[in-house]
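Below are the chains, spelled out letter by letter.
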Amino acid sequence: MQETIAIDLVEVAPFKALAVRTGMTPDKSGTRVAWSKLTAQIPLDDVRLADGPSAYVFIPQDQWSKNVDTLWVGLAVREFGDVPDGIETLEVSGGLCVSAHVYGDEAHMWRVYDAIFAWLEQSPDYEMDRREGVLGMETVPFEPLNALTIPYSEIETFNFTMLYPIRKKSS
């Protein structure tokens, strides 16, 4: 059976996030440690949180062409307010993004990454916006379970949406 991977263009509104910076770790625990640090300081019932039950993993898009070594794990907020030590403020510019949803095992996740990057390579009109400061993001839902609360090696079904800012190719 041929697997269909839907790739869409979506408009993302600009937003603010409170986040914890982490690195890529071989065991992929960095995002989970960052999530623990973030939610220890910003509880999920914090009045600043924007609507939508999702965590974000932010990726500096200029790193896709080399090695991704910096990530942030964050929560969207209406306002920054009092920012605790160890928490950073991010201003996400939003705009047109290429998007794909991952729902499956780890092999499926890697096929979706391959598909979205192949789409970007083959697109006659768009390219990834790799300017410094532009953040791609992956949204991690809290329901039915928040993958950031369980070890990567124990995840059976990856469930998140990729949103990577793009721009018109210059002719």
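Parameters and conventions
Residues numbered from 1 in each chain as written. Predicted model: local features only at pLDDT ≥ 70, side-chain atom pairs only at ≥ 80, totals over all residues. Heavy atoms only, no water. Salt bridge = Lys/Arg side-chain N within 4 Å of Asp/Glu carboxyl O. Buried < 20%, exposed > 50% of the residue type's maximum accessible area, 1.4 Å probe, protein only. Helix = DSSP H or I, 4+ residues; strand = E, 2+ residues; numbered from the N terminus. Contact = heavy atoms within 4.5 Å. Expected span 1.5 Å × (residues − 1). Core = buried A, V, L, I, M, F, W, Y, C linked by side-chain atoms within 4.5 Å. pLDDT = per-residue confidence, 0-100. Phe/Tyr/Trp six-rings, centres within 6.5 Å; stacked < 30°, edge-to-face > 60°. Lys NZ or Arg CZ within 6 Å of the ring centre and 35° of its normal. Pairing = 2+ DSSP bridges.

1. Overview of the pattern of salt bridges
By the definition in use, this model includes five salt bridges. We note a salt bridge from Arg48 to Asp46, for which the minimum N-O separation is 2.9 Å. For the pair shown, Arg48 and Asp46 are each scored as buried. A salt bridge links Glu127 to Arg167, with the nearest nitrogen and oxygen atoms 3.2 Å apart. Remark: Arg167 occurs in strand 9 (residues 158-168) and Glu127 occurs in strand 7 (residues 126-128); sequence separation between them is 40 residues. You can call Glu127 partly exposed: its relative accessible area is 26%. Exposure remark for Arg167: the relative accessible area of 32% places this residue in the partly exposed category. Here the salt bridges do not stand alone but share partners, grouping Glu127, Asp129, Arg131 and Arg167 into one network.

2. A look at the environment of His108
Relative to the helices and strands, His108 is located in helix 2 (residues 106-122). When residues no more than four places from it in sequence are discounted, the contact partners of His108 are Glu3, His101, Val102 and Tyr103.

3. Here's the deal with helix 2
With 17 residues, helix 2 ought to run about 24 Å at 1.5 Å a step, and its terminal C-alpha atoms sit 24 Å apart, in line with that. On its buried face, helix 2 sits against strand 1 (7-12), strand 6 (95-104), strand 7, strand 8 (135-141) and strand 9.

4. Quick look at unusual backbone geometry
Between Glu143 and the following residue, Pro144, the backbone shows a cis peptide bond with an omega angle of 0°. Among the structural elements, Pro144 can be located in the loop between strand 8 and strand 9.

5. Comments concerning the nonpolar core
Counting 38 residues, the largest nonpolar core has Trp35, Phe160, Met162 and Tyr164 as its most contacted members. Secondary structure elements with two or more residues in this core: strand 2 (15-23), helix 1 (30-41), strand 3 (54-60), strand 4 (70-77), strand 6, helix 2, strand 7 and strand 9. If you look at the next biggest cluster of nonpolar residues, it comprises 14 residues, including Trp72, Val92, Cys97 and Leu163.

6. Things to note about the confidence of the model for the protein
In the predicted model, the protein carries a mean pLDDT of 91, and 98% of its residues have values of at least 70. For the protein, the element scoring lowest by mean pLDDT is strand 3, at 92; strand 1 scores highest, at 96.

7. With respect to the packing of aromatic side chains
Per the stated rule, a full pass over the model turns up eleven aromatic pairs. Here the aromatic cluster, defined as three or more aromatic residues joined through ring pairs, consists of Trp64, Trp110, Tyr113, Phe117, Phe160 and Tyr164. Directly above the aromatic system of Phe80 lies the positively charged group of Lys16, at a separation of 5.7 Å from the ring centroid.

8. Focus on the pairing of strand 4
Within strand 4, eight of the eight residues are buried, leaving the element largely enclosed by the surrounding structure. In strand 4, alternate side chains face the same way, and those of Thr70, Trp72, Gly74 and Ala76 on one face and Leu71, Val73, Leu75 and Val77 on the other are all buried. Bridge analysis of strand 2 against strand 4 gives eight bridges, and the strand direction is antiparallel. When the bridges of strand 4 are listed, Ala17 appears paired with Ala76. Here strand 3 pairs with strand 4 via three bridges, running antiparallel.

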